[in-house]
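Overview (structure and organization)
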Amino acid sequence: MTSKRSLTPYLQVTPLALVLLVFFIVPIALVLIVSFFRYQMLVGLTPDFTFDNYLDVLTNPTTWRLYFSTVKFTLIVLALTFVIGFWIAYFLVFHIRNLLVSIGLFLVCTVPFWTSNIIRMISWRPILGKEGLINQALLDSGVVAHPLTWLLYSDFSVVIAYVHLNTMFMIVPIFNSMARIDRALLEVAVDAGATRWEAVWNIVLPLSKTGIALGALFVVTLVMGDFFVVSVMSGGLSGSATTGMFNDLQFLNYPRAAANAVILLIVVLLIAAGIFRLVDVRKELVR
Amino acid sequence: MNEAMLAPDSTRPSDRASGEIRLVDVTKSFAPGSYAVKDINLTIPDGSYCCLLGPSGCGKTTILRMIAGHETPTSGEITIGGQSVVGLPPVRRGTAMMFQSYALFPHLSVLDNVAFYLKMRGVGKDERRRQARAMLERVQLDHLRDRVPAQLSGGQQQRVALARSLITNPRVLLLDEPLSALDEFLRLRMRGELKSLQAELGITFVHVTHTQPEAIALADLVVVMDTGQIDQAAPASTIFNQPTTPYVARFMGGQNVLTGKVEGQSGELLRMRTAEGWTFEMPAGQSPPAPGTTASAAIRRDRVTLRKRDAEGAVPANAVPGVVEATEYQGSYIKVTLNTGMVHAFVANVGDAAYAAEPVVAGDAVLASWLPADVHVLTKPDLGDAGVPYLDISH
Amino acid sequence: MKTSSGRRPWTFYALAAFFALFVLFLYGPMISVLVLAFQGPSGALDFPLRNPSLIWFAELAHPKGTGDVIGAFNRSLPLALIVMVLSVLMSVTAGFAFRRRFHGATLLFYTAVASLIAPGLVLSIGILVMFRFLDLPAAWYSSALGAHLSWALPFGLLIMFAVLGRLNPSYEEAAYDLGASRWRTVRDVVLPIVFPGIIAVALFGFTLSYDEFPRTWLTAGTKNTLPLEIWTMTTNVTSPALYALGTVTTIFSFLLIGLALGSILVIQRRRSAQR
């Protein structure tokens, strides 16, 4: 191999590496640096090396309350998207006999992913609102006397929106994993006396492990890092781990926002690292 | 093949460059300390059909890919027609390769696949289509020229791959397990077609396979490989009748291998004694092993005679005692496997008439005997370190 | 599961019903927005639909109270196109590099993954601070473009990983054998074979940028992109004009998806059609 040939991959990754350097590594490094700066009202930022911002954030009970709320949302959404994603993928892979139909239905599930998230959030208003379709139906049928107010602008609607927006990220990788399972394995299991349930539990579930882990990675990081869904769908009533950051930014308190951001980033990357220990994502992709 | 295939391509110069391939001390290592192939020396004569034969992982495909230019030897020299090709790109070697999966471009029609080489050489559209169609007619596929590869059967795909290789007018055609993707019926048919095609074209074919009958049926030169080394390179009849190593003898089938100490020579006959105490004789040949050394000999399975044996008695020379383990009907003969107490089973292929005269069944105690003329000494003793062939096909 | 008798087990019907509910859950709200966009002059934001009309679409074209929708679209569209083109070019070339071994490959891969999963708001703060330090104004064509690329590129790279990882190297070797240069091999063999994957990268690049909100919010500068404009409208526009805008952008997205998926389908058909 000549030296000219071995230089090629470096040239090929240069644009990608440059973009990641300038628009990911440098900004994150700056966030880290600024998180140690001092902030004074009316004066602005002063370069410093202080842990005050972190102390400020971590000793504030609001921070802990918001993180608790975010973790709660994350776990609920993770559970729901997993259950939905698993059974939808299972249905498409193992119950649809025609491959084209299966792919077609798969696309039906994934198309909304390519449309605007904000529009999709707004679209819950005429359904869940005080005069929305559900309340109209409940009132007309006499099930309730007054419209339910917890349907919209509540934790309930936040969870609905998260599931609505993020289930795709579960379905796609689980579908991919399941599609590679040899169907003969299920027949072998049934021949060996396994019930349908046992076959799913002992064969399908373990063999779709990598897809589940990938899906969980996406769902967890998207919900943990979200600010907008929770603020739109709770009507500003609930907060998330990013709410503190958002408020600091409003007051141009960049150092404290940065400290908040660093903490969030560490939490998210730790969770991701945990998931990466379970599956080799890179190997999974090229398989 | 039809008449059209016999007519030489008008574009080929009559004084075609030589397709003699020579490998000198070729070694290929993918990771430090381990070798895919080591110290390979091989000459494949111009215009011959050569089969590289061995189990998977023996290095045969690595050799093919080094000749093709898809791998570079770690050390050593490769020449084609006397010209060194190491470092040359594939297209400048005068070789064409047919891949195991055929590697037909899925986005191009059959015609465009065949015309690809001409397109890369800048040949105009009309001219390259004309030539590609002529080539397709030669493999009788012109009627399928507008299809894409996925619409063809395995056999048709193989012919397209062949046409795409041949349009480069190569002096060497390299075939990587070309028949392995076909079913049994097609495989036999395509085997015959490959052989006659090679005879017509007169160019060198190098064909990688793990199937012994394929190599024996096709090759002028069979190269038997074992874990990165060549054990024997010779015409098929020589490989089959006079294997030089225990590995080749076993891999080709048809031979039993006995190992023992050389006791001495009387006249033309060399005498050996096995660890079990059985003695046997064989023609000494040109350079017999010295008395006192360990040596191995091969005995053809179809020259072994079986006799039932009642009592424990002395075992005569040129015979081994054993118990029948299994009999297998093979049509014109019966394959009888004996347990002699040695590591490898001893096999006798008994003709159906001889078998009918004295049938044996599993459990019978028998004496297997042969004539010294049907034994030949191997150049390497069987020390138990040679690879054990994974396939034992019977003949 | 396949059964020889052809009768479907009861679980098929249970799961089919579940699937139907899920599709209703996915599309139901979108459809209600599409319907209510045709609300009459009463301007109610909820059902029922009274005196269907197109007045809310007309209001979008003449912005009195709805904000600068057309201006925002005129920024979002070129931004998304630039992100699409750059992410196709960069992730395809980088995808090729990753087929060979090179120093730092693993580091670069995990950096890309980290960039994909880092919360958008965190990254936006960093980019905003960087532009402040450099004393550059934040704008859709600089800071927002970078923010979008840091998210669309890793996506594209992952897709190219999957696509190129499944590409049989024999195709390239066959092309070299037949005299193709490296460049001709890429142009005439590899790119056409992986073209459906490239369309997928393009679709991802475009829509990830076109719909992106968290990464744009701080980095777009003074002029809004379309998602930012819609976000503003959710707080101060209380008429079905919002639904009309939602309808228009959703139809636009569906056209794009249809175009992309349709062309992938046509290509695959052509390569495998049963004569």
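This is a predicted model, so every value here is computed, not measured.

Thoughts on the overall build of chain C
Within chain C one finds eleven helices and zero strands. When the helices and strands of chain C are listed from N to C terminus, the series reads α-α-α-α-α-α-α-α-α-α-α. Since a compact globule built from 275 residues should have a radius of gyration of about 19 Å, the 23 Å found for chain C marks it as more spread out than a globular shape. A buried classification covers 59% of the 275 residues belonging to chain C. By sequence separation, contacts in chain C at least 24 residues apart represent 71% of the contacts at least 6 residues apart. For chain C, the separation between the mean place of its 20 positive charges and that of its 11 negative charges on side chains is 11 Å.

A few points about the pairing of strand β12 (residues 269–274) of chain B
All names here are of chain B. Here β12 shows a buried face lined by L270, M272 and T274 and an unburied face lined by L269, R271 and R273. With six bridges joining them, strand β11 (residues 255–266) and β12 adopt antiparallel strand pairing. Along β12, the bridge assignment pairs G264 with R271. Here β11 folds back onto β12, and the loop between the two strands holds two residues, one of which, G267, carries a positive phi near 65°. Taken together, the five bridges between β12 and strand β13 (residues 279–283) define a ladder with antiparallel strand orientation. When the bridges of β13 are listed, L270 appears paired with M282. Between the end of β12 and the start of β13, which pair antiparallel, lie four residues, with G277 showing a positive phi angle near 100°.

Digging into a nonpolar patch on the surface
Residue and element names in this part refer to chain A. Among the surface-exposed residues, L18, L21, V22, I25 and V26 lie close enough to one another that they form a single nonpolar patch of about 360 Å² accessible area. Within the secondary structure layout, V26 lies in helix α1 (residues 3–34). Take V26: its relative accessible area is 31%, and that puts it in the partly exposed class.

Here's the deal with the packing of helix α3 (residues 61–95) of chain A against helix α10 (residues 196–207) of chain A
Residues and elements named next belong to chain A. Running from amino to carboxyl end, α3 crosses α10 at an angle of 100°, the nearest separation of the two axes being 13 Å. It follows that α3 is roughly perpendicular to α10 by the angle criterion. Taking contact as the criterion, the partners of F82, F86, W87, Y90, F94 and H95 in α3 are, on α10, R196, W197, V200, V204 and L205. Looking at the contact of α3 with α10 residue by residue, the classes come out as nine nonpolar, one polar and one charged.

What to know about the side chain of T11(C)
Here T11(C) is to be found in helix α1 (residues 10–36). For T11(C), a relative accessible area of 12% corresponds to the buried category. Filtering out sequence-adjacent residues up to four positions away, T11(C) remains in contact with H95(A) and R196(A).

Brief notes about the pattern of salt bridges
Tallied over the full model, the rule gives 26 salt bridges over all chains. Measuring nitrogen to oxygen at the nearest pair gives 3.0 Å for the salt bridge that ties R130(B) to E127(B). Residue R130(B) and its partner E127(B) are both found in helix α4 (residues 125–138); the two are separated by three residues, about one turn of the helix. Residue classification places E127(B) among the partly exposed positions, given a relative accessible area of 33%. R184(C) is paired through a salt bridge with D188(C); the nearest N and O atoms lie 3.1 Å apart. Here R184(C) and its partner D188(C) are both found in helix α8 (residues 182–210), four residues apart, which amounts to about one turn of the helix. Overlapping salt bridges bring together K119(B), R184(C), R187(C) and D188(C) as one network.

Some points on the interface of chain C and chain A
Listed per partner, the contact involves 101 residues of chain C and 94 residues of chain A. When chain C packs against chain A, close to 8,900 Å² is buried across both sides, 78% of that on carbon and sulfur atoms. Our count for the contact surface shared by chain C and chain A stands at zero salt bridges. Taken together, the links from chain C to chain A amount to six residue pairs in polar contact (both at pLDDT 80 or more). For the side of chain C that touches chain A, the leading source of residues is α1(C), giving 16 residues. For the side of chain C that touches chain A, the residue count by class is 70 nonpolar, 21 polar and ten charged.

Digging into the sheet that holds β13(B)
Residue and element names in this part refer to chain B. Taken in spatial order, the five strands make up an open sheet running β13-β12-β11-β14-β20, and their pairing is antiparallel. At either margin of the open sheet sits one strand with a lone partner, and together these are β13 and β20 (375–377). Within this sheet the neighbouring strands show an average axis-to-axis angle of 45°, counted without direction. Relative to strand β14 (residues 294–300), β11 runs antiparallel, the two being bridged by seven bridges. Among the inter-strand pairings, N256 is bridged to a residue of β14, identified as I299.

Topic: the packing of helix α8 (residues 155–179) of chain A against α1(C)
At their nearest, the axes of α8(A) and α1(C) sit 11 Å apart, and the two run at 125° to each other. Taken together, α8(A) and α1(C) sit at an angle that is classed as oblique. For the pair α8(A) and α1(C), the sense of crossing is left-handed. When α8(A) is examined against α1(C), the residues I160(A), V163(A), H164(A), T167(A), M168(A) and I171(A) are found in contact with a partner set consisting of F22(C), F25(C), L26(C) and P29(C). When its residues are assigned to classes, the contact of α8(A) with α1(C) shows eight nonpolar, two polar and no charged.

Notes on unusual backbone geometry
Residue and element names in this part refer to chain B. Its identity is not glycine, yet N169 carries a phi of approximately 55°, on the positive side. For E177, which is not glycine, the phi torsion reads 45° and is therefore positive. Relative to the elements of secondary structure, E177 occurs in the loop between β7 (172–176) and α6 (184–201).

Side note on the interface of chain C and chain B
Facing the 22 residues of chain C at the interface are 24 residues of chain B. Looking at the side of chain C facing chain B, the largest losses of area belong to D177(C), L178(C) and R271(C), adding up to 34% of the total buried there. We note a salt bridge from R65(B) to E173(C), for which the minimum N-O separation is 2.6 Å. Applying the counting rule to chain C against chain B returns six residue pairs in polar contact (both at pLDDT 80 or more). Put simply, the parts of the chain that give the side of chain C that touches chain B at least two residues each are α7 (170–177), α8 and α11 (241–272) of chain C. Among the elements that take part in the side of chain C that touches chain B, α7(C) stands out by supplying seven residues, more than any other. Looking at side-chain class alone, the side of chain C that touches chain B contains ten nonpolar, five polar and seven charged residues.

Side note on the packing of aromatic side chains
Residues and elements named next belong to chain B. This model, assessed by the stated rule, comprises 50 aromatic pairs over all chains. Here the aromatic rings of Y247 and F251 are separated by 5.7 Å at their centres, their planes lie at 10°, and the arrangement is stacked. Residue Y247 and its partner F251 are both found in helix α9 (residues 246–252); the two are separated by four residues, about one turn of the helix. What makes Y247 buried here is its relative accessible area of 2%.

What to know about the nonpolar core
If you look at the biggest cluster of nonpolar residues, it comprises 277 residues, and the most contacted ones within it are M178(A), F98(C) and W217(C). At 15 residues, helix α6 (residues 140–165) of chain C tops the list of elements feeding residues into this core. Setting aside residues no more than four positions away along its own chain, M178(A) makes contact with F86(A), A89(A), Y90(A), V93(A), F94(A), V204(A) and S208(A).

So, the arrangement of the chains
Ranked by contact count, the leading pair among the two pairs of chains in contact consists of chains A and C. The least C-alpha distance between chain A and chain B, which are not in contact, is 8 Å.

Thoughts on the sheet that holds strand β1 (residues 21–28) of chain B
Two pairing modes exist for strands in a sheet, parallel and antiparallel, and in both the strands are linked by backbone hydrogen bonds. All names here are of chain B. Reading across the sheet, the four strands line up as β2-β1-β4-β5 and stay open at both edges, with antiparallel pairing between neighbours. Both outer strands of the open sheet, β2 (37–44) and β5 (83–84), are each paired with one neighbouring strand and no more. Here β1 pairs with β2 via five bridges, running antiparallel. For L23, the partnering residue across the bridge sits in β2 and is L42. Running at roughly 120° to β1, helix α2 (residues 60–68) makes contact with β1, β2 and β4 (75–80) of the sheet.

The rules we used
- Residues numbered from 1 in each chain as written.
- Chains lettered and ligands numbered in written order.
- Predicted model: local features only at pLDDT ≥ 70, side-chain atom pairs only at ≥ 80, totals over all residues.
- Heavy atoms only, no water.
- Helix = DSSP H or I, 4+ residues; strand = E, 2+ residues; numbered from the N terminus.
- Rg over C-alpha atoms; globule rule 2.2 N^0.38 Å.
- Buried < 20%, exposed > 50% of the residue type's maximum accessible area, 1.4 Å probe, protein only.
- Contact = heavy atoms within 4.5 Å.
- Lys, Arg positive; Asp, Glu negative; His and termini not counted.
- Charge placed at Lys NZ, Arg CZ, Asp CG, Glu CD.
- Pairing = 2+ DSSP bridges.
- Patch = residues over 30% accessible without salt bridge, like charges linked within 9 Å, V, L, I, M, F, W, Y side chains within 5 Å.
- Areas by Shrake-Rupley, 256 points an atom, 1.4 Å probe, with all protein chains shown as cover.
- Salt bridge = Lys/Arg side-chain N within 4 Å of Asp/Glu carboxyl O.
- Axes fitted to C-alpha atoms, helices over the stretch in contact; angles between N-to-C directions.
- Parallel < 35°, antiparallel > 145°, perpendicular 65-115°, else oblique.
- Nonpolar A, V, L, I, M, F, W, Y, C, P; charged D, E, K, R; others polar.
- Buried area = accessible area lost by both parts, 1.4 Å probe.
- Polar contact = N/O pair within 3.5 Å; in protein donor to acceptor, adjacent residues only side chain to side chain.
- Left-handed = near helix turned anticlockwise from the far one by under 90°.
- Phe/Tyr/Trp six-rings, centres within 6.5 Å; stacked < 30°, edge-to-face > 60°.
- Core = buried A, V, L, I, M, F, W, Y, C linked by side-chain atoms within 4.5 Å.

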